[in-house]
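The lines below spell out each chain.
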Amino acid sequence: MLEGPKVSQSELAKRFGVSQPQICRIIKNKERILSEWQRSGDPERKRKREGKDAALEAALLRWVEGARAADLPVGRPLLQLRAKHLAGALGRPSPEPSGGWLARVAAFKKPPVEKGDAEQPPAEHWASAVLPALLRSYALSEIFCCGEAAVPLPAGCPGERLTLLLCANASGSEKVPLRVLGESPRPRCLRGVNLEQMPWSYRAGSPGGLTAPLFAEWLQEFNEGMRRQGKRVLLLLTKHEAHPYLQLSNVRMVFIPLAATLAQPLDRGIASDLKGHYRRRLLRWLPVERGAGQPTLLDVLHMLAQAWGDVSPGLIASCFRAAGFIPDAGAETTSLSPAHGPLGQQQPEHGGEMTEVDGDEGMAEGEDGEELAAVPPCPSEREVWRSLATLRRYLECQATSPDLFQAFYELEDAVHMVSAG
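This report concerns the structure included in the present document. Please read all numbers here as calculations on a predicted model, not as lab measurements. (Residues numbered from 1 in each chain as written. Predicted model: local features only at pLDDT ≥ 70, side-chain atom pairs only at ≥ 80, totals over all residues. Heavy atoms only, no water.)

**Comments concerning the overall build of the protein chain**
Counting secondary structure elements, the protein chain contains 15 helices and six strands. Nonlocal contacts in the protein chain, meaning residues at least 24 apart in sequence, comprise 65% of its contacts between residues at least 6 apart. A total of about 25400 Å² of accessible surface is found on the protein chain, and carbon and sulfur atoms cover 53% of it. (Helix = DSSP H or I, 4+ residues; strand = E, 2+ residues; numbered from the N terminus. Contact = heavy atoms within 4.5 Å. Areas by Shrake-Rupley, 256 points an atom, 1.4 Å probe, with all protein chains shown as cover.)

**Remarks on the packing of aromatic side chains**
Scanning the entire structure with this criterion turns up seven aromatic pairs. Consider the rings of Phe405 and Tyr409, whose centres lie 6.2 Å apart with planes at 45°: the pair is tilted. Taken together, the residues Phe405 and Tyr409, both in helix α15 (residues 403-420) and four residues apart, mark about one turn of the helix. Considered together, Phe405 and Tyr409 belong to a single accessibility category, that of buried residues. One aromatic cluster is present, formed by Phe144, Phe215, Trp218 and Phe222 through successive ring pairs. Directly above the ring of Trp308 sits Lys175, whose terminal nitrogen or CZ lies 5.7 Å from the centroid. (Phe/Tyr/Trp six-rings, centres within 6.5 Å; stacked < 30°, edge-to-face > 60°. Buried < 20%, exposed > 50% of the residue type's maximum accessible area, 1.4 Å probe, protein only. Lys NZ or Arg CZ within 6 Å of the ring centre and 35° of its normal.)

**Concerning a nonpolar patch on the surface**
On the surface, Leu391, Tyr394 and Leu411 cluster together into a nonpolar patch covering about 290 Å² of accessible area. Among the secondary structure elements, Leu391 is positioned in helix α14 (residues 381-398). Under the relative-accessibility criterion, Leu391 is labelled partly exposed at 33%. (Patch = residues over 30% accessible without salt bridge, like charges linked within 9 Å, V, L, I, M, F, W, Y side chains within 5 Å. Salt bridge = Lys/Arg side-chain N within 4 Å of Asp/Glu carboxyl O.)

**Re the packing of helix α1 (residues 9-16) against helix α2 (residues 20-28)**
Across the interface, α1 lies against α2 with an axial gap of 8 Å and an inter-helix angle of 110°. Classified by the interaxial angle, the pair formed by α1 and α2 is roughly perpendicular. Seen from α1, the contacting residues are Gln9, Ser10, Leu12 and Ala13; seen from α2, they are Gln20, Ile23, Cys24 and Ile27. (Axes fitted to C-alpha atoms, helices over the stretch in contact; angles between N-to-C directions. Parallel < 35°, antiparallel > 145°, perpendicular 65-115°, else oblique.)

**Overview of the packing of helix α9 (residues 270-284) against helix α11 (residues 297-310)**
Axis separation between α9 and α11 bottoms out at 8 Å; the angle between their running directions is 130°. Relative to α11, the element α9 lies oblique. Between α9 and α11 lies a crossing of right-handed hand. Here Ile270, Leu274, His277, Tyr278, Arg280, Arg281 and Leu282 of α9 come into contact with α11, specifically with Val300, Met303, Leu304, Gln306, Ala307, Trp308 and Asp310. Class assignment of the residues belonging to the contact of α9 with α11 gives a composition of nine nonpolar, two polar and three charged. (Left-handed = near helix turned anticlockwise from the far one by under 90°. Nonpolar A, V, L, I, M, F, W, Y, C, P; charged D, E, K, R; others polar.)

**A few points about the side chain of Asn250**
Note that Asn250 resides in the loop between β5 (233-238) and β6 (251-256). Look at Asn250 and you get buried, because its relative accessible area is 10%. Only 3.0 Å separates the side chain of Asn250 from the backbone oxygen of Lys231, close enough to count as a polar contact. A polar contact of 2.7 Å, which involves the side chain of Asn250, links it to the side chain of Ser249. Excluding its chain neighbours within four sequence positions, the residues that come into contact with Asn250 are Asn223, Met226, Arg227, Lys231, Arg232 and Val233. (Polar contact = N/O pair within 3.5 Å; in protein donor to acceptor, adjacent residues only side chain to side chain.)

**Examining the pattern of salt bridges**
Evaluation of the coordinates by the stated rule reveals 13 salt bridges. The salt bridge partner of Arg203 is Glu217, with a shortest N-O separation of 3.1 Å. With Arg203 in strand β4 (residues 200-204) and Glu217 in helix α8 (residues 212-229), this residue pair connects regions lying 14 residues apart in the sequence. The exposure class of Glu217 is partly exposed, given its relative accessible area of 28%. In this structure, the salt-bridge partner of Arg392 is Glu396, at a minimum N-O distance of 2.9 Å.

**What to know about the environment of Leu282**
Along the chain, the position of Leu282 falls in helix α9. Owing to a relative accessible area of 22%, Leu282 belongs among the partly exposed residues under this scheme. When residues no more than four places from it in sequence are discounted, the contact partners of Leu282 are Pro154, Pro295 and Met303.

**Considering the state of the cysteines**
With the rule as written, the count across this model stands at zero disulfides. Cysteine Cys145 remains unbridged, with the sulfur of Cys146 as its closest cysteine sulfur at 6.3 Å. We note that Cys157 lacks a disulfide partner, and the nearest cysteine sulfur, in Cys189, lies 7.4 Å from it. (Disulfide = S-S within 2.5 Å.)

In C-alpha cells form, the structure reads like this:
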C-alpha cells in the first residue's frame, strides 16, 4: 500500500484504526521493518517478539538449520534437551523453555520445499559411494555401529522387557559395555551395588524404551571414553527421533539412510546371537540347585553382560562385512568360529584312559582316623552356588574395576561346566 497511489497518513490511520504518529513511525522505518520481516521466515508474523536470551536462541536456531539440512527429526523434547546443552556451553543457567517458544523455534526459518530438495540420493548411491569414502578414512577398530535390541524379562522381575543399547566396532575388538533400559526407576535389587564399577549400566527408560536425553547421555559418555583412549572414531546409526545429533570432539556421527536400515550389522546377526546366549543362560538357571528362586533383575543384568561377552569378535566382523561396512580391500580374513571362552572350551584329551586314584593311596602309614575326620567333605552343588552368590555380592559392593567381573564370569562358567559334566 505504501508503494501504490499516495494516501495521506490520516486516511491510513483511520483505515487501520491506529494513530497518525504510529503511521508516521512505520513509514520512517519502512526499510528496517521489511528487512526484519523477510529474515523472520514467517510471512504471517505480525509482531516482533525478542527472546529472553538472544545468544541462546541464535545458537539453537543454527542447530535447527543444521539438523534440517541433515534431514534429522526436530521435535520438542529434542529441542528442550539441546537448549539446556547449549545453555551450559554458553555459561547460562538451565532454561525452562515454554511450549510456545519451542514451537516457534521449530517453525523458524523452515526452508520451503522445492523440487530439488525433495530428491534425496537413493540408498544404493549412499552404500556404493558415500559409505566407502567414509570407511577409507578410518581403521576397522575405529568404525563403530550402535543400535537397540529388546529382550524379555523372566517372571518376578519388574516390567516385561529390557531395551539394550549395543555398540561394537567393525573388527570386533571392542564391545562397549551394555546400557540397559528398564521400567523400574530404582530397583530394590540394585541397592548397595557399586554401579560405577559394573560391566553394565542401568537407566530407567520410557515405556517406549530409549529416549533422546538417555541417548545423548550415552553419547557423551562414549565420546569421553574415546577421548581418554586418544581415538577419533566413526559412529554409524539409523535416523530416529531418539537419536539426536551432537557435535562431539572424538566421535563423528553418521546417520544411515532409512532405506538402508536393513543393512545394519546389528540386524545381520549380532543382536540375535546375544539373545541366543541370553536365553541359554536363562534356561541354565537351576533354582533347585542354586536355592535362589527365580532370577532377579540384578541376575538378569549379569546374564546379559555375560551374553554380550559370549558374542565372538569373528561374528561381529562377519556381520559388518555382510552389511558392507568393511571395505573389501582392507578387510582381513576373519574366522567365523566362536571365540574359545570358558563355555566353548572342550576338555583336554589325555592319552590313554584316565586311571582312578585311590583316596587312601597318598596317605602316610602313620596317619590316624582323627586326621581323616578333619578333612572337610566335598561341598554340594547348592553350597557351591551359594558361595559364588556370596562372592558376587562382595564384588558388587566392593569391586574397583568392571574387569573383575570377567574373571568371576569365567569362574562361574567353569563351575557350571564341572557340575554339568
